[in-house]
Amino acid sequence: MLELTTILKDHNLKVTPQRLSIFRMLRNTSAHPSAETIYTTLHDEYPTMSLATVYKTLDALVKHGLVQQLNIGEDSYRYDADTSPHPHIKCMACHKVVDMHHVQSVAQLREEVASLTQFDLSHEQLYFYGICPECKQH
């Protein structure tokens, strides 16, 4: 918890129990939750925390580069505390989102896009969609 407090302070973010809890939840999951999922999960621990507080906290964490916001084609964003460049894959049946850290050609693709377009790239988000092995069995 001390590490998370230090990270928030280092980014000039106010340290509150709710903010720490949201950040801790994101740091300890690979599920890529939505703001609504975060709110529902933490509601018992923080019954007075509003959904607006969750959204404001997520917005601050994204702006400070502590989490990334994923737009995978749903009605709401999902969030990932792993801010390293990596693609994601979404199951179209069960809607789970999985990190794809072992794809080696993303850096090569980034270099190719920069070279072809002459853009100074700031970041990228790459998504794949399909049916996961568990859903294929049903």
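Residues numbered from 1 in each chain as written. Predicted model: local features only at pLDDT ≥ 70, side-chain atom pairs only at ≥ 80, totals over all residues. Heavy atoms only, no water.

Along its length, the protein carries six helices and five strands. Going from the N terminus to the C terminus, the protein shows its helices and strands as α-α-α-α-β-β-β-β-α-β-α. If one aligns the C-alpha atoms of the protein with their principal axes, the spans along those axes are about 50 × 45 × 25 Å. Taking as baseline every contact in the protein between residues at least 6 positions apart, the subset at least 24 positions apart corresponds to 45%. Accessible area of the protein: about 8,800 Å², with a carbon and sulfur share of 54%. Of the charged side chains in the protein, 12 are positive and 16 negative, and the gap between their average positions amounts to 6 Å. (Helix = DSSP H or I, 4+ residues; strand = E, 2+ residues; numbered from the N terminus. Contact = heavy atoms within 4.5 Å. Areas by Shrake-Rupley, 256 points an atom, 1.4 Å probe, with all protein chains shown as cover. Lys, Arg positive; Asp, Glu negative; His and termini not counted. Charge placed at Lys NZ, Arg CZ, Asp CG, Glu CD.)

What follows is about the pairing of strand β3 (residues 88-91). Across three bridges, β3 lies against strand β4 (residues 97-99) in antiparallel orientation. Residue I89 lies in a different strand from β4, and its bridge partner there is V98. In this sheet, strand β5 (residues 127-130) lies alongside β3 in parallel orientation, the contact comprising four bridges. Its bridge partner lying in β5, H88 is registered against Y127. (Pairing = 2+ DSSP bridges.)

Taken in spatial order, the three strands make up an open sheet running β4-β3-β5, and their pairing is mixed. Edge positions in the sheet fall to β4 and β5, since each has one partner strand and no second. Across the sheet, the mean angle from the axis of one strand to that of its neighbour is 25°, orientation sign disregarded. (Axes fitted to C-alpha atoms, helices over the stretch in contact; angles between N-to-C directions.)

Once that is clear, we can look at the side chain of H86. Checked against the element boundaries, H86 lands in the loop between β2 (78-80) and β3. With relative accessibility at 6%, the residue H86 sits in the buried group. Separated by 3.1 Å, the side chains of H86 and H88 make a polar contact. Polar contacts involving the side chain of H86 include one to the side chain of D99, which spans 2.8 Å. (Buried < 20%, exposed > 50% of the residue type's maximum accessible area, 1.4 Å probe, protein only. Polar contact = N/O pair within 3.5 Å; in protein donor to acceptor, adjacent residues only side chain to side chain.)

The subject of this paragraph is the pattern of salt bridges. All told, the structure shown has seven salt bridges when counted by the stated rule. D59 is the salt-bridge partner of K63, the closest N and O atoms lying 3.1 Å from each other. Linking K63 with D59, this pair stays in helix α4 (residues 51-63), spanning four residues, or about one helical turn. Of the residues examined, K63 reaches a relative accessible area of 66% and is grouped as exposed. Where salt bridges share partners, they join E74, R78 and K90 into one cluster. (Salt bridge = Lys/Arg side-chain N within 4 Å of Asp/Glu carboxyl O.)

Within soluble globular proteins, side chains that are nonpolar generally end up buried alongside one another. Residues I22, F23, L26, I38, L58 and L61 are the most contacted members of the largest nonpolar core, which totals 22 residues. The element contributing the most residues to this core is helix α2 (residues 17-27), with five residues. In this view, F23 contacts L4, I7, L8, L61, L66 and V67; residues no more than four positions away in its chain are not counted. (Core = buried A, V, L, I, M, F, W, Y, C linked by side-chain atoms within 4.5 Å.)

Positive phi, normally seen in glycine, also occurs at H32, with a value near 55°. Looking at where H32 falls in the secondary structure, it is placed in the loop between α2 and α3 (35-42). One non-glycine residue, Q118, lies in positive phi territory at about 65°. By the element assignment, Q118 lies in the loop between α5 (106-117) and β5.

Our next topic: α5. Along its 12 residues, α5 runs 16 Å from first to last C-alpha, staying within 8% of the 16 Å computed at 1.5 Å per residue. After α5 finishes, the residue Q118 shows a positive phi value of roughly 65°. (Expected span 1.5 Å × (residues − 1).)

Honestly, it's all geometry; don't read function into it.
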